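# Fold and geometry: a report
Listed below are the residues making up each chain.
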Amino acid sequence: MAGPPTSALTNTLREAGVVIFSILLALAVDAWWDGRQEAKQANVVAAAVEEEMLVNATSLTESVERHRAIAEAIREAWAAGTSERVHGPAVLAREIWEPRTPALEAFLSLQSRSTLADPDLRIQLGTVVELLRKYRERELRAAEFQDRARERIADIGLPIQDSIARRPIYSDQVMLNYLALRQIEEVAAIQAAGPLAAGIQEALEALAALSGR
């Protein structure tokens with residue numbers, strides 16, 4: 001009399017087990033597929049970051065050279081007591097580096113919510129972002145003193161279209177003082193470029209290791 005109910009219960013449990021197994025298998029397949037898609041997306045973005053960093057490394061070198069030219073022109077102006085011979089690079093030229101960062105920002109965003117995040121790489125790239133900020137800060141401070149020097153030229157009130165009439169402008173001490181302050185920030189930008197370049201290189205090596213190259 002007890003046999004049939006036990007058999008029915010066993011069949012029910014067996015069927016329930018099959019259903020549960022099927023559900024777990026489906027979830028595992030979905031998770032595996034999502035993981036593959038996430039890894040694929042991360043690799044694509046990482047490759048874009050690597051290319052972006054290579055471009056930035058080159059353009060940073062060019063930016064530093066322009067800052068050097070500006071700083072050297074200001075030194076020459078101070079040594080001569082006039083900016084006449086180097087007025088273009090010392091007063092008129094401006095260097096504000098424009099690095100590419102969209103891929104870097106996308107990768108950091110992806111890393112912040114990814115189950116495949118690499119904490120060390122994220123820290124390394126975050127350091128590059130901070131070094132970029134410091135470099136830009138120095139550039140903007142240099143540009144601020146450049147603006148003050150140019151405003152001083154306008155305040156002197158001499159006709160800058162007349163090459164003879166504007167000569168006193170070149171040796172104006174206030175203008176030269178602003179240039180001296182600008183030079184300090186130009187040199188600081190050049191110095192800030194060293195750690196930034198090193199950070200970019202380290203990030204490139206980490207990205208290469210991530211892609212297995």
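Residues numbered from 1 in each chain as written. Predicted model: local features only at pLDDT ≥ 70, side-chain atom pairs only at ≥ 80, totals over all residues. Heavy atoms only, no water.

## Digging into the nonpolar core
Membership of the largest hydrophobic core comes to 27 residues, with the highest contact counts inside it found for Val-49, Met-53, Leu-60, Leu-125, Tyr-135 and Leu-196. Listing elements by their share of this core, those giving two or more residues are α1 (3-80), α3 (102-113), α4 (119-156) and α6 (173-210). Excluding its chain neighbours within four sequence positions, the residues that come into contact with Leu-196 are Leu-60, Trp-97, Val-128, Leu-131, Leu-132 and Tyr-135. (Core = buried A, V, L, I, M, F, W, Y, C linked by side-chain atoms within 4.5 Å. Buried < 20%, exposed > 50% of the residue type's maximum accessible area, 1.4 Å probe, protein only. Helix = DSSP H or I, 4+ residues; strand = E, 2+ residues; numbered from the N terminus. Contact = heavy atoms within 4.5 Å.)

## Topic: the pattern of salt bridges
Evaluation of the coordinates by the stated rule reveals 14 salt bridges. Between Arg-148 and Glu-144 there is a salt bridge; the shortest N-O distance is 2.8 Å. Of this pair, Arg-148 and Glu-144 both sit in helix α4, separated by four residues, roughly a single helical turn. According to the relative accessible area criterion, Glu-144 is partly exposed, its value standing at 37%. (Salt bridge = Lys/Arg side-chain N within 4 Å of Asp/Glu carboxyl O.)

## Quick look at the layout of surface pockets
Roughly 170 Å³ of volume is contained in the largest pocket. Listing elements by their share of the lining of the largest pocket, those giving two or more residues are α2 (87-92), α4 and α5 (167-170). Per-element accounting of the lining of the largest pocket gives the leading share, three residues, to α4. Residues that form the lining of the largest pocket fall into these classes: six nonpolar, one polar and two charged. (1 Å grid on protein atoms, 1.4 Å probe; cavity = no way out; pocket = protein on both sides within 12 Å on 5 of 7 lines; lining within 4 Å. Points joined across faces, edges and corners; volume = space filled by probe spheres on them. Nonpolar A, V, L, I, M, F, W, Y, C, P; charged D, E, K, R; others polar.)

## Some remarks on α4
Here α4 contains 38 residues, and its C-alpha end-to-end distance of 56 Å stays within 8% of the 56 Å for a straight helix at 1.5 Å per residue. Backbone geometry just after α4 places Gly-157 at a positive phi near 85 degrees. (Expected span 1.5 Å × (residues − 1).)

## Focus on empty space enclosed by the protein
One pass over the full model with this rule turns up one cavity of 30 Å³ or more. The wall of the largest cavity is formed by Glu-52, Met-53, Asn-56, Arg-100, Thr-101, Leu-104, Val-128, Leu-132 and Ile-200. Elements with a contribution of two residues or more to the lining of the largest cavity: α1 and α4. At three residues, the largest contribution of residues to the lining of the largest cavity is made by α1.

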